[in-house]
Amino acid sequence: MSLLIENVEKQYKIRTSATLVHALNGVSITLKRGATLGIVGESGCGKSTLARVISGLEKPSAGSIMWEGEEIADKAKNHFRPQRSRVQLVFQDPYSSLNPRQQIGSAISEVIVVHKLIPKDGIKARVEELLSIVGLSSDLQHRYPHQLSGGQRQRVSIARALAAEPDLLILDEPVSALDVSVRAEVMNLLIDLREKFNLTYIFISHDLGMIRYISDVIAVMYLGKVVEFGDWETIIERPLHPYTRALIAAMPDHSIIGNPETLSKTLQGEVPDPAHMPTGCAFHARCPIAVPICTTRTPSLIEVSNKHYVACPEVKV
Amino acid sequence: MNKSEPLLSVAHLDISTQQDPRVLINDVTFQVHEGEAVGVVGESGSGKTLSALSILGLLPRGVVVTEGSIEYNGVDLASITAQEMRKIRGSEIAMVYQDPMTALNPVMKIGDQLLEVIESHEKVDSSSQGRVREALKEVGIPDVDRAMDSYPHEFSGGMRQRVMIAMALILSPKLLIADEPTTALDVTIQQQILALVAEERRKRHMSMLWITHDLGVVANLVDRLIVMYAGRIVESGTVKEIFTNPQHPYTYGLLASLPIATDKSRRRLTSIAGVPQKPWLVGQSCSFAPRCFNATSECQNQIPQLLGTLEKSVACFHPVGVTS
């Protein structure tokens, strides 16, 4: 076991009132080294908050995150830096995560310098090596972000993350902002890099198609909780939680065509406000199989078959 | 397929910037028939949005139609006055945008905004309030009275998009143009909106032009598809033809690059090398040639014309699956 997330909670306070926004409500996940965890859910489900907490950008309000036997959340800042280089993040929009006034080469070398990873005279060669690893020509190192295409910029973000020599890469919607025709290339690159450097990935997306393509295990989140967890085939082919089922049914899927009926099979209502959490099961108001007790009973994640966890006592296995 | 006169007929449309002319749309020709739904698919910069905006005379400042005609019900929309256009906009052809927060007035109550739409075309009378209420109810807004008295920021993204649709439908237009109205929404909410639009279209026998970058969204919504690349139409045809028998290498590659949510195999995604070209940099060649697996010298020296029928047309010298 390599990544151990246990009962992680995160609340944010709204400055003008006493209300708490419950972003994460007790998330527990374990992930083996070298595996890829896909996290899927709609906006407000807490998937990006989880990414920030795992990477150490934010402290959880409760719970613990262990990476290779070491606590991530507890590190004092200076002490924490060597740890931080082992966990890196790639964001959705490389245009806002890269400094517009910094040349590509310097954006990458900066990471190597900060983490004191190699001697000074080796940095130039290392930057060129990193560019070639992500499929970019070394000529690009003197360019600025605006001179690159969206796909190239995202490759730079990936090179920058790899510069820190991480074991764990957190990818937060890494292809969502890219044009459809370049998404596949970046996805294939990520899969190649994972094998080449024995990386562990946390791949966060609202796009179940991409999640299905890259993940070994999938966690489905709803309102700050994991509602279903299992290996990718189980989640895609034998989903049990009514929310996972609805999510799969709502995926725009071009394998079914010319059938407007498929559009009507969808959930009613919208995701509740995390500042005013519903009682009982957070999904009950939209759930097609809800029974009266769901409004008061809080379901926990139960193993229903081998390594397949579902947080719903009403599903028939 | 509808063989009658098309409701909307765009022919040989060219659009470019006024200063330092840069071609943005090149020789675009398509039709929308009565009751028909047509999808326009393309990536950013392909010209799908500009094509739609030009129909309603809403091109951004400095961007103009330089060639071609846009005929709606026998009237050339490219040559009418601003006043005549205002009569058509909203009542005959209505539009729904991607981001309702910028399309709605943030400091005006929802009820008043819908009333304003009626007012811009007809005399408002005692029945108008009732029409607004009816329109909001129809698109699934709960507690209509409270909604009319609310401001846009008090709604969720999905509810705002419902309000936009109510606004677009309140004068019963014959043609609805939608520019990626579900792109910013979560998938389950997107599905709700698509179901709503499909239902309204069926009830009203309304024509539709649906612009999107997502092939999955239109697969079950429209009758025909137009695929745009670098300012030109590269392929068009019925949904079935495009999805099951794509002939342009771009369409073919695009479909192959999409993971299918329910696919059991995990085949490696086929990718299209390179990046889309800027339409004004293409010149006398096929715009897709630099990225194409089928390209020959012919493709570098000539622009392929869009040839075929309503059921299926393709602009390519070496279409996929066709041996020459």
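This structure is a prediction, so every number in the text was calculated from the model and none was measured.

## Quick look at the overall build of chain A
Of the regular secondary structure elements, chain A holds eleven helices and twelve strands. Its C-alpha atoms give chain A a radius of gyration of 21 Å, within 12% of the compact-globule value 20 Å for 317 residues. Projected onto its principal axes, the C-alpha positions of chain A cover 70 × 50 × 45 Å. Evaluated residue by residue, chain A yields a buried proportion of 47% over its 317 residues. Long-range pairs, those at least 24 residues apart, make up 63% of the contacts in chain A with a sequence separation of at least 6.

## Topic: the overall build of chain B
Along the backbone of chain B there are twelve helices and twelve strands. A globule of 324 residues ought to have a C-alpha radius of gyration of about 20 Å, and chain B, at 21 Å, matches this closely. Counting only C-alpha atoms, chain B reaches 70 × 50 × 40 Å along its principal axes. Burial statistics for chain B: of 324 residues in total, 47% are counted as buried. Put simply, of all contacts in chain B between residues at least 6 apart along the chain, 64% involve residues at least 24 apart.

## Brief notes about the packing of helix 5 (residues 123–133) of chain A against helix 6 (residues 150–163) of chain A
All names here are of chain A. At a minimum axis separation of 9 Å, helix 5 and helix 6 run at an interaxial angle of 130 degrees. One element, helix 5, and the other, helix 6, form an angle in the oblique class. Helix 6 is crossed by helix 5, and the crossing has right-handed handedness. On helix 6, the residues touching Leu130, Leu131 and Ile133 of helix 5 are Ala159, Leu162 and Ala163. Class assignment of the residues belonging to the contact of helix 5 with helix 6 gives a composition of six nonpolar, no polar and no charged.

## Some details on the sheet that holds strand 10 (residues 225–231) of chain A
Residue and element names in this part refer to chain A. Reading across the sheet, the eight strands line up as 6-7-8-3-9-10-12-11 and stay open at both edges, with mixed pairing between neighbours. Strand pairing shows two members of the sheet lacking a second neighbour, strand 6 (87–90) and strand 11 (302–305), which therefore form its edges. When the angles between neighbouring strand axes are averaged without regard to direction, this sheet yields 20 degrees. Alignment of strand 9 (residues 217–222) against strand 10, held across six bridges, turns out to be antiparallel. Bridge assignment links valine 220 to a residue of strand 10, and that residue is glutamate 228.

## Re unusual backbone geometry
The phi torsion at Lys307(A) lies on the positive side, around 55 degrees, for a residue other than glycine. Positive phi values are uncommon outside glycine, yet His205(B) reaches one of about 55 degrees. With respect to the helices and strands, His205(B) occurs in the loop between helix 8 (187–204) and strand 8 (207–212).

## So, the interface of chain B and chain A
Each partner contributes to the interface: chain B provides 43 residues, whereas chain A provides 41 residues. Looking at the side of chain B that touches chain A, the elements with two or more residues in it are helix 8, helix 9 (215–218), helix 10 (239–244) and helix 11 (249–256) of chain B. The element best represented in the side of chain B that touches chain A is helix 8 of chain B, accounting for nine residues. For the side of chain B that touches chain A, the class distribution of residues is 21 nonpolar, 15 polar and seven charged.

## Some thoughts on the domain arrangement of chain B
All names here are of chain B. Along its sequence, chain B is organised into domain 1 (8–92 + 173–314) and domain 2 (93–172). If you average the C-alpha positions of domain 1 and of domain 2, the two centres end up 28 Å apart. At the interface, 26 residues of domain 1 touch 20 residues of domain 2. Among the secondary structure elements, those contributing two or more residues to the side of domain 1 that touches domain 2 are strand 7 (175–179) and helix 8. Looking at which element gives the most residues to the side of domain 1 that touches domain 2, the answer is helix 8, with seven residues.

## Description of helix 5 (residues 128–138) of chain B
Residue and element names in this part refer to chain B. Residues of helix 5 that are buried: Val132, Ala135 and Leu136. Along helix 5, the residues classed as buried sweep out an arc of 95 degrees about the axis, all on the same side. Where helix 5 is buried, its residues touch helix 4 (110–119), helix 6 (144–148) and helix 7 (157–169). The first or second residue beyond helix 5 is glycine 140, which carries a positive phi of 85 degrees.

## Description of the sheet that holds strand 4 (residues 63–72) of chain B
Residue and element names in this part refer to chain B. Pairing within the open sheet is antiparallel, and its four strands lie in the order 2-1-4-5. With partners counted over all chains shown, the strands left at the sheet margins are strand 2 (23–32) and strand 5 (75–76), one partner each. Here strand 4 pairs with strand 5 via two bridges, running antiparallel. When the sheet's bridge partners are listed, glutamate 71 is paired in strand 5 with aspartate 76.

## A closer look at the domain arrangement of chain A
Residue and element names in this part refer to chain A. Split into domains, chain A comes out as domain 1 (3–86 + 166–310) and domain 2 (95–165). With eleven residues of domain 1 at the interface, the matching set in domain 2 holds nine residues. The element best represented in the side of domain 1 that touches domain 2 is helix 7 (residues 180–197), accounting for four residues. Of the residues contributing to the side of domain 1 that touches domain 2, the split by class is eight nonpolar, one polar and two charged.

## Some words on helix 1 (residues 47–55) of chain A
Residues and elements named next belong to chain A. Helix 1 sits mainly inside the fold: seven of its nine residues count as buried. Buried residues of helix 1: Lys47, Thr49, Leu50, Ala51, Val53, Ile54 and Ser55, and no others. Looking one or two residues past helix 1, glycine 56 carries a phi angle of roughly 90 degrees, positive in sign.

## Points about the confidence of the model for chain B
Averaged over every residue, the pLDDT of chain B is 92; residues scoring 70 or more account for 98%. Overall fold confidence for the complex sits at a pTM of 0.88, while the interface term, ipTM, reaches 0.83.

## Some thoughts on the environment of Pro252(A)
Its location among the elements puts Pro252(A) in the loop between helix 10 (242–250) and helix 11 (261–264). C-beta crowding within 10 Å serves as the criterion here: with 25 such atoms nearby, Pro252(A) is assigned to the buried category. Measuring from C-alpha to C-alpha, the distance between Pro252(A) and Gly209(A) comes to 9.1 Å, with 43 residues separating the pair along the chain. Ignoring any residue separated from it by four or fewer positions in sequence, one finds Pro252(A) in contact with Asp214(B), Gly216(B) and Val217(B).

## Considerations on the environment of Leu104(B)
Residue and element names in this part refer to chain B. Of note, leucine 104 is situated in the loop between helix 3 (100–103) and helix 4. When the 20 C-beta atoms within 10 Å are taken as the criterion, leucine 104 is described as buried. Separated by 39 residues in sequence, leucine 104 and valine 65 place their C-alpha atoms 27 Å apart. If we ignore the near neighbours within four places in the chain, the residues touching leucine 104 are Gln113, Pro152, Arg160, Val163 and Met164.

## A word on the pairing of strand 4 of chain B
All names here are of chain B. Two elements, strand 1 (residues 8–17) and strand 4, share eight bridges in a ladder whose sense is antiparallel. Looking at the pairing, aspartate 14 lines up with glutamate 67 of strand 4. Between strand 4 and the antiparallel strand that follows it, strand 5, lie two residues; asparagine 73 among them carries a positive phi value of about 50 degrees.

Cut-offs used in this document
- Residues numbered from 1 in each chain as written.
- Chains lettered and ligands numbered in written order.
- Predicted model: local features only at pLDDT ≥ 70, side-chain atom pairs only at ≥ 80, totals over all residues.
- Helix = DSSP H or I, 4+ residues; strand = E, 2+ residues; numbered from the N terminus.
- Rg over C-alpha atoms; globule rule 2.2 N^0.38 Å.
- Buried ≥ 20, exposed ≤ 12 C-beta atoms within 10 Å, placed from the backbone.
- Contact = placed C-beta atoms within 7 Å.
- Axes fitted to C-alpha atoms, helices over the stretch in contact; angles between N-to-C directions.
- Parallel < 35°, antiparallel > 145°, perpendicular 65-115°, else oblique.
- Left-handed = near helix turned anticlockwise from the far one by under 90°.
- Nonpolar A, V, L, I, M, F, W, Y, C, P; charged D, E, K, R; others polar.
- Pairing = 2+ DSSP bridges.
- Domains from an automatic or database assignment.
- Arc of directions from axis to C-beta.
- pLDDT = per-residue confidence, 0-100.

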